[in-house]
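Below, each chain spelled out in residue letters.
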Amino acid sequence: MASIIKTPSGTWKAIIRKRGFPPTIKTFRVKRDADDWARTTEDEMVRGLYIRRQSADRMTLAQALERYATEVTPTKKHCTQLGERSHTAALKKFFGAYSMSAVSPDLVAKFRDQRLVDGKAANTVRLDLALLGHLYTVAMREWGVGLVYNPVRLVRKPAPGAARDRRLDDGEEARLLAAVAAHSNPMLKWIVELAIETGMRRSEITSLKLEHVDMERRIARLLDTKNGESRTVPLSRRATEVMLEAISNPVRPDDTRLIFFGEPGRDGKRRPWQYDRVWRQILAKEGFHNFHFHDLRHEAVSRLVEYGFSDQEVSAISGHKSMQMLKRYTHLRTEDLVAKLDRINQSNWS
């Protein structure tokens, strides 16, 4: 049976001592609230539904996100860590002052809708919610935070955005290569050319080390990929020339094996070169609209299909695990298909 005690300050303290459970105490301003809480809590204990909620009441979302950034984020891939920063900032701005237990599905839905109204892409909002949902999962399973459910699981996610179909138009490739070649750091041109020639992701290119490239066999071994599986990428003649130039970079310091290296961090270690700002500046200056670095991968994979490679051969090069995902990246030019149809018709009539 619970004890309800009036404190010297005029509040009411409910104390529950039940065999098999630790002592549970909570303070209320009104005695009726203390009675209701004690009765509900004892009922949950009897029914085996009791969860200690104090930790969830005390921990704010801001505190939880900071702990997540310290304990969980470092275990993820470097590129994921970088992308997670903007999502963390958005979540902290909206939910930061709320306790973990105070975040309800309707509040999560309000956050989702507000982000969409602010013009954020559906996929961006989906990543926001994925991070928030994983935060709750980790808090419940590993941190011992007393939560009844994960509020994100009860909220609709925005529909995935349409697959991008941005290709390099006539003349754009030459303008882009000329622009990156004019940059003071030659690594930018090498990275862009390798993306077009091989279809490798940006993180796969920038994480390449000298020992990953076999110039005699003309292959690059990717050990750290997005889907977690290593693969070997063949190098075209142009890709081989570019890789030779990059490997022979005369300014490479002795303290790194990275082919595309950045300046030492605060810990003295060199990490892959981060060229985001330079890339965005060049795109803006050259008037490239709605163009992302990842579109170079779209371009490369689509060209492989146009050159006549089979789906299996393309997936072996690009690393796509399913034909459905591969389809999202292969956007054939309609005019090329028209020309192919004409050749077939001409062959049939001759």
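The following paragraphs examine the structure supplied in this document. (Residues numbered from 1 in each chain as written. Predicted model: local features only at pLDDT ≥ 70, side-chain atom pairs only at ≥ 80, totals over all residues. Heavy atoms only, no water.)

## Brief notes about the overall build of the protein
The secondary structure content of the protein amounts to 15 helices and 8 strands. Taking 350 residues into account, the globule formula puts the C-alpha radius of gyration at 20 Å, and the protein, at 28 Å, lies well above it. Overall, the C-alpha framework of the protein stretches about 95 × 60 × 40 Å when taken along its three principal axes. Relative to its 350 residues, the protein shows a buried fraction of 41%. In the protein, the proportion of contacts linking residues at least 24 apart, taken out of those at least 6 apart, comes to 59%. Entry remark: accessible area of the protein is about 20,600 Å², with carbon and sulfur atoms responsible for 51%. Once the 61 positive and 44 negative side-chain charges of the protein are each reduced to a mean point, those two points are 8 Å apart. (Helix = DSSP H or I, 4+ residues; strand = E, 2+ residues; numbered from the N terminus. Rg over C-alpha atoms; globule rule 2.2 N^0.38 Å. Buried < 20%, exposed > 50% of the residue type's maximum accessible area, 1.4 Å probe, protein only. Contact = heavy atoms within 4.5 Å. Areas by Shrake-Rupley, 256 points an atom, 1.4 Å probe, with all protein chains shown as cover. Lys, Arg positive; Asp, Glu negative; His and termini not counted. Charge placed at Lys NZ, Arg CZ, Asp CG, Glu CD.)

## Structural notes on the nonpolar core
One finds Leu-176, Val-192, Phe-260, Trp-279 and Leu-296 to be the most contacted residues of the largest nonpolar core, which totals 44 residues. Every element with two or more residues in this core is listed here: helix H7 (172-181), helix H8 (187-198), strand E5 (219-222), helix H10 (237-247), helix H11 (276-286), helix H12 (295-306) and helix H13 (311-318). Here the element with the most residues in this core is H8; it accounts for 8 residues. Once you skip the residues sitting within four places of it in the chain, Leu-176 turns out to touch Leu-168, Val-192, Trp-279, Leu-283, Phe-288, Phe-291 and Leu-296. The next biggest cluster of nonpolar side chains, apart from the first, holds 27 residues, and it includes Ala-64, Tyr-68, Met-100 and Phe-111. (Core = buried A, V, L, I, M, F, W, Y, C linked by side-chain atoms within 4.5 Å.)

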